[in-house]
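Chain and residue survey
Letter by letter, the chains look like this.
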Amino acid sequence: MSQPTMKTRAKTPTSGSWLKSSLLFGVGLSTMMLATAASAQDADSEGDVVIATGIRASLENALVEKREADSLVEVIFAEDIGKLPDQNLAEVLENITGIQITRTEGVGTGVQIRGSDQNLIQFNGVTTVGAGNGRGGINFTDVNPAIIAGLEVIKAPEAQHIEGAVGGTINLRTIRPLDLKGPLASVRIQGEDSSLTSGISPRVSGALGNNWENAKGQEIGFVMSGSYTESENTAFRPRLDRDNLTDCTVAVPSTACPSGVDRFLGVQFLNQVQRTQEFETLNLAGSFEAKPTDDLRIFADIVYNDQQQSLSGSRVQASNVSRLNGSGDRAVVPGGNINFTGFETVNIGSAIGENGTQNFGDIAIVTQGTFTPLQADAQVNDGRGAPFFRVGSDAGSRFTETTTVRLGGEWEATEALTVNAEFARSSSDTVNPNLSVNLNFINPNSFIAPSGDGLRDENGTPIIFDLSNGFGFDVNFADPFAPSEADLLDPNNYVFDGTPTYSGDIRENADRAFRLDGSYDFSETGLSDFLTSVEVGVRFGERSSLRDDRDAQRSGSSRLEGSLNAGGISQLLSEIPDNFASGTGNALAVDGVLQVDPNLTRNTREAVATINAAAAAQGLGPIFRSDLISDDAAFFDITEDTLAIYGQANFDLGRIRGNAGLRYIDTQLESTANQFTNGVATLVTVDSSYDHFLPRVNVAIDVTEDVVLRGSYTEDIRRPDFTAITAARTFPDFGGVNGNSVGGNPFLVPEEVQNLDASLDWYFAPEAVFSVGVFRKERDGLFGAVVDTPDETGGVRDTTAPCENGGIFSPGTEAGIFGNGEVGVCVGNQSTFNSDNSTTQEGIEVAVQYNLSAWEDQLGFASGFGMTANYTYQDEKNNTGFVPVSGNRNNVIFGAQGFPNATREAATLLNLSNHAYNLTGYYEKYGLSARLRYTWRDSFATSNLPGTGSVFTPFGFRGIQESRGQLNGSVSYEVLDGLTLQVDAINLTEASSDVYCLSDGGLKCYQGITDRRVVFGASYTF
């Protein structure tokens, strides 16, 4: 067996990428990252800052901060982060009670706090921006935990906290230079190995920092930290469409029907999907602090993130096999084209309808069999050539540079009065280059249409499938019409499928803010017996978001005689990976077929030139007719100015402490985009505004020395994503009065969120706690995509703006019978609106933390054991109504099952699991540190359905991700003073992540097989 080798991968060149990597490796080992930064110092405390070492110490310090807080916060410190096998921010946050994460290709990519994806991410209290046009902040995959000294999750905000989070605010803290107790220098070098890929991916991080004091007592300090990581994560996501009903009771019954079966679900599409995400992430953080006088502290922070993320995936599809299922007028030649050898009976699943839960019952499904291609006109004319066999490449990259800067100072004007001033800017620039091509295989041993016949550029390939244990299929080489293995590897047997995708979308986001805060401390003046301090502040913020979707005009043909033959681009082709069978355990899997290799088309311009040259050589027009041009319909540029003013009183009545305050926000919106009238684009700017008062009250009661009771009432808002408030709009064409105007809604206002929290913490031993909490969130003004239809009085619509009776005024649309020939009439407005509906989220959180350190005399080595555990239950109640199930095939199936008018409850909250828990056991003693963590979450609704081009499953429902548990482990040992060896393992059991079509435990639509990752390396503290 060959030894693992360090990998190098071709990347699309980006500005300065080679320089940054070289600088980091050549100079940065002594100036890099924080991964083991905290271990350079002793556990200590000064003011509100705690620098911790060791798992036990960091857990204890986190408890101290949680215990002393007036509001509900959760805290993790650096050493705790460093001892977890977590490779990005999302995976770190999974440790916290009430937080669940979603994964893509096994990597944590999304975070839900108390069932909500609408959260804020900050660096040192500064709002960050992300790669898309959403609101949350920097992408979770873009932050390596190595640069973080600690983090807090604010579940119950105070008046001083920035608005905009439904679930909570995640504040990431970097090292403060003036809190260092001595010089800091550390480095960590690691390698990551994935069970489904080959080679070792490098990971490097380190930190350098110090502070000084001169003879005059003036202090100055700095910290520089950084990390460079590569990661390659593979997942297998085979997909199966069974939304094709074969009715054995029709006039021309199918010979494929098993004895005693009236109907069954045949096969519509077979999909073998393999996806590999490659991450190349550079994180740099620097902080400078100085105290020129005892009364003045100034600081400057910068965090830089450079993410290069590339998708390399293959999709092998056998399609249109429904033509061979043998139903109705598509009967087959007896014993000819199909041979179904296996069936089983399954429950389709259930859904909540207007009459309660509908269980769609049991039905027979095909599990094994073969398809052989139709060959002649004597058989079904529209079925010639089926099954169609194609190979697609899932490509696409994201190149994002994010910078967060904070400059400010703190001035103690008097013993009681403190003033803080801060300027901050966060920016994110993203380019999403993408070149994706599907190749259709033309089987030379099957029927090929004569030139000019007009048939599609697809050709029959015999298929054998086994769906009894996974979704396995392959070319049936035993069939007389089967291609040879050499045929499958011949580029000349493949043609382009229709029109490929070539795009390069741009996203630019920025947040600029200036804030001024003041605090008056009554304890220094004795003016109040119960008020400890009063805080006031103002924040001026400007948020901007730009979307520029760029696409190439392209051409292609779905007919064989007009399709580009892949023989002309053989240099861009490769075999698909050959590990699908071993990775999934499926007995049948396709390999030895060609794809347009995403790794060979990262330089999209060169690849496009090669493709167009091949088309010219074959006498065809260019596949891509121009360079990338902007899509006027998708473009927007939005600026949002916000003024926020708050006042907050902090009080302490002995056993009762807390704060009460009010935050006022006023927002002015300017949305610039194109509006289309009769196909002509006009750039317009729409202004709007809104304001809110947000009361926030937090109370903590020290019931006893060891018991703390907390309660809070807070209000917040959820601003809509920028894609919902664009001014972009298309009006119906001239004479199109029956059409709707489709566009964004710049007048959309935020959802309003009322939060109630109560918790009880029992600190029953040092470094130990048992806590239980309840929460309730009421969300009003939910966003809903609907059509506002104008009223018609006497059959006549309003022909003047504004449209008081509903709809929106379309200046270029002829009113026709609705307005006696006028041009300009109110038409339907299809957009996003604040509905009258609401939703309520409720939940219970339970957590316990304990270790045996107090029993060292009795237990000896065993006193190094400890544990943490938490459990969360949450539920949602909404009144959003019901919508019909989409798709004619689905309605046929449900009708045959006795539900002719099947309805489903509209999904308002995705990614919400009712139950979740986290169990962690650790051991720390004699230089050995080990931890084992098991995280489990219940099933949840999802729109993460790769390969569909839709957020719905083949049955027209949101997918249901099955319940799943993941086991992670970490072991480190200090072999020498300052030198530590560490091994981390992620997804030890290689847990699957399947998706059901309708409901948990019903008919399955997707498999999800993810990899096991092992990270090994060493860290050294100088």
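Residues numbered from 1 in each chain as written. Predicted model: local features only at pLDDT ≥ 70, side-chain atom pairs only at ≥ 80, totals over all residues. Heavy atoms only, no water.

**Brief notes about the overall build of the protein**
Applicable threshold: Each helix is a run of H or I in the DSSP string that is no shorter than four residues. Each strand is a run of E no shorter than two, and both are numbered from the N terminus. Buried means the residue's accessible area, taken with a 1.4 Å probe over protein chains only, is under 20% of the maximum for its type, while exposed means over 50%, and partly exposed covers the values in between. We call two residues in contact when some of their heavy atoms are within 4.5 Å. Note that accessible areas follow from Shrake-Rupley with a 1.4 Å probe, and for residues the cover is restricted to the protein chains shown.
Per the secondary structure count, the protein includes 9 helices and 59 strands. By the burial criterion, 58% of the 1022 residues in the protein qualify as buried. Expressed as a percentage of contacts within the protein between residues at least 6 apart in sequence, the contacts between residues at least 24 apart total 74%. Total accessible area computed for the protein in this model is approximately 39500 Å², and 53% of it derives from carbon and sulfur atoms.

**Things to note about helix α7 (residues 604-617)**
So the rule is basically this: The span one expects for a helix is its residue count, reduced by one, times 1.5 Å. The arc under discussion is defined with respect to the helix axis, by the directions toward the C-beta atoms.
For α7, which comprises 14 residues, the first-to-last C-alpha distance of 20 Å matches the rise-based estimate of 20 Å (1.5 Å per residue) to within 8%. Along α7, the residues classified as buried are T604, A607, V608, I611, N612, A614 and A615. For α7, the angular spread of buried residues about the axis comes to 155°, placing them on one side. Pointing more than 90 degrees away from the buried face of α7 are the exposed residues R605, E606, A616 and A617. A positive phi of about 75° marks G619, the residue just after α7.

**Side note on the pairing of strand β17 (residues 296-319)**
The condition that has to hold: When DSSP locates at least two bridges between a pair of strands, those strands are taken to pair.
When you tally the buried positions in β17, you get 19 out of 24 residues, the bulk of the element. Connecting the antiparallel pair strand β16 (residues 269-293) and β17 is a turn made up of 2 residues. Where β17 lies against strand β23 (residues 397-412), 15 bridges are found, and the strand directions are antiparallel. By the bridge assignment for β23, L296 is matched with W411.

**Considerations on the pairing of strand β41 (residues 751-765)**
As paired elements, strand β38 (residues 707-718) and β41 share 12 bridges and run antiparallel to each other. The residue of β41 that forms the bridge with L709 is L760. Count of turn residues in the β41/strand β42 (residues 768-780) antiparallel hairpin: 2 residues, of which E767 carries a positive phi of about 65°.

**Some words on the sheet that holds strand β8 (residues 150-154)**
Here is the rule: Comment: axis = line fitted to C-alpha atoms, over the contacting stretch for helices; angle = value between 0 and 180 degrees taken between N-to-C directions.
The 5 strands lie next to each other as β3-β8-β9-β6-β7, forming an open sheet whose pairing is mixed. Each having just a single partner strand, β3 (73-77) and β7 (126-127) make up the two edges of the open sheet. Contacting β3, β8 and β9 (169-173), helix α2 (residues 55-68) crosses the sheet at an angle of about 155° to β3.

**Notes on the environment of R889**
When you line up the elements, R889 lands in helix α9 (residues 888-896). Distance in space between the C-alpha atoms of R889 and F955 is 8.1 Å, their sequence separation being 66 residues. Not counting residues within four places of it along the chain, the set of residues in contact with R889 comprises D243, N244 and Q268.

**Here we look at unusual backbone geometry**
Residues A801 and P802 are joined by a peptide bond in cis, for which omega reads -5°. When you line up the elements, P802 lands in the loop between β43 (783-788) and β44 (808-814). In this model, Y926 sits at a positive phi of 55°, which is unusual for a non-glycine residue. Relative accessible area serves as the criterion here: at 58%, Y926 is assigned to the exposed category. Even without being glycine, E990 reaches a positive phi, approximately 50°. Along the chain, E990 falls in the loop between β55 (979-986) and β56 (995-996).

**Overview of the pattern of salt bridges**
Worth spelling out the cut-off: Within this document, salt bridges are pairs made up of a side-chain nitrogen of Lys or Arg and a carboxyl oxygen of Asp or Glu, the two lying within 4 Å of each other.
Under the definition given, this model contains 44 salt bridges. Between K66 and E74 there is a salt bridge; the shortest N-O distance is 3.4 Å. Taken as a pair, K66 and E74 share a single burial class, namely buried. Of the charged contacts, one joins R203 and E192 as a salt bridge, the two residues approaching to 3.5 Å between their closest N and O atoms. In this pair, R203 sits in strand β11 (residues 201-213) while E192 sits in strand β10 (residues 184-194), placing the two residues 11 residues apart along the sequence. Accessibility expressed as a relative area gives 2% for E192, which makes it buried.

**Comments concerning the confidence of the model for the protein**
Heads up, the condition is: Residue-level confidence of the predictor, termed pLDDT, takes values from 0 up to 100.
For the protein, the average pLDDT comes to 85, and 87% of its residues sit at 70 or higher. Low pLDDT, under 50, characterises residues 1-53; the predicted model gives this stretch 136 contacts beyond four residues in sequence or across chains.

**Some thoughts on a negative patch on the surface**
The cut-off we apply is this: Residues with no salt bridge and a relative accessible area higher than 30% make up the patches, which join like charges within 9 Å and nonpolar side chains (Val, Leu, Ile, Met, Phe, Trp, Tyr) within 5 Å. When charges are counted, Lys and Arg contribute as positive and Asp and Glu as negative, whereas His and the chain ends are disregarded. A charge is said to be at NZ when it belongs to Lys, at CZ for Arg, at CG for Asp and at CD for Glu.
Residues D429, E508, D637, D641, E670 and D687 make up a contiguous surface patch of negative charge. For D687, the location among the structural elements is in strand β37 (residues 680-702).

**Some thoughts on a nonpolar patch on the surface**
A cluster of nonpolar residues, V703, L709, L760, W762, F764, F770, V772, V774 and I844, forms a patch on the protein surface that exposes about 700 Å² of accessible area. Contributions of two or more residues to the nonpolar patch are made by β41 and β42.

**Digging into the packing of aromatic side chains**
Applied cut-off: The pairing test for Phe, Tyr and Trp rings, Trp by its six-membered ring, is centres within 6.5 Å, and the orientation test on the planes gives stacked under 30 degrees, edge-to-face over 60, and tilted for anything in between. Both a distance and an angle decide whether a charge sits over a ring: NZ of Lys or CZ of Arg must be within 6 Å of the ring centre and within 35 degrees of the ring normal.
The full count for this structure, using the stated rule, is 22 aromatic pairs. Measuring from centroid to centroid gives 5.4 Å for F371 and F465, while their planes differ by 25°, and the two rings are stacked. Of this pair, F371 sits in strand β21 (residues 362-371) while F465 is found in strand β26 (residues 463-466), placing the two residues 94 residues apart along the sequence. For F465, a relative accessible area of 2% gives the class buried. A network of ring pairs unites the aromatic residues F264, F340, F343, F371 and F465 as a single cluster. Here the basic side chain of R135 rests over the ring of F722, its NZ or CZ set 4.1 Å away from the ring centre. For the cation-ring pair, R937 lies above F940, with the distance from its terminal atom to the ring centre recorded as 4.0 Å.

**Focus on the state of the cysteines**
Stated formally: By disulfide we mean two sulfur atoms from cysteines, separated by a distance within 2.5 Å.
All told, the structure shown has 2 disulfides when counted by the stated rule. One disulfide bridge connects C803 with C826, the sulfur atoms lying 2.0 Å from each other. Measuring the twist about the S-S bond at about -95°, one finds the C803-C826 disulfide to be left-handed. Taken together, the residues C803 in the loop between β43 and β44 and C826 in strand β45 (residues 823-834) connect sequence positions 23 residues apart. C826 shares its class with C803; the two are buried. Covalent S-S linkage joins C997 and C1005, the inter-sulfur distance amounting to 2.0 Å. The chirality of the disulfide connecting C997 with C1005 is right-handed, given an S-S dihedral of about 110°.

**Considering the side chain of T367**
Basically, it comes down to this: For this analysis, a polar contact is any N or O atom pair within 3.5 Å, provided that within protein one partner can donate a hydrogen and the other can accept it, and provided that sequence-adjacent residues contribute only side-chain to side-chain pairs.
Its location among the elements puts T367 in strand β21. With a relative accessible area of 5%, T367 lands in the buried category. Side-chain polar atoms of T367 contact the backbone nitrogen of F343, separated by 3.4 Å. Once residues lying within four places of it in the same chain are set aside, the contact partners of T367 are G342, F343, E344, F465, D466, L467 and S468.

**Thoughts on the nonpolar core**
This is how it is decided: To define a nonpolar core, start from buried Ala, Val, Leu, Ile, Met, Phe, Trp, Tyr and Cys residues and group those joined through side-chain atoms within 4.5 Å.
The biggest cluster of nonpolar side chains holds 49 residues, and the ones touching the most others in it are L270, F389, F465, Y494, I569, V593 and I611. When residues in this core are grouped by element, the largest group, 5 residues, is from α7. With residues up to four places along the chain from it excluded, the contact list for F389 reads V316, Q317, L439, N440, F441, N459, T461, I463, V475, L488, V590 and V593. In this structure, I101, I113, I121 and L151 belong to the second largest nonpolar core, which totals 23 residues.

**Side note on the environment of D86**
With respect to the helices, strands and loops of the structure, D86 is situated in the loop between α3 (78-82) and α4 (89-93). Spatially, the C-alpha atoms of D86 and G108 are 9.3 Å apart, while their sequence positions differ by 22 residues. Setting aside anything within four residues of it in sequence, one finds D86 in contact with E91, V92, N95, P145 and R933.

**Considerations on the environment of A300**
Along the chain, A300 falls in strand β17. Accessibility expressed as a relative area gives 25% for A300, which makes it partly exposed. Along the sequence, A300 and V405 sit 105 residues apart, while their C-alpha atoms lie 7.5 Å from each other. Excluding anything up to four places from it in sequence, A300 contacts G286, S287, F288, R406 and L407.

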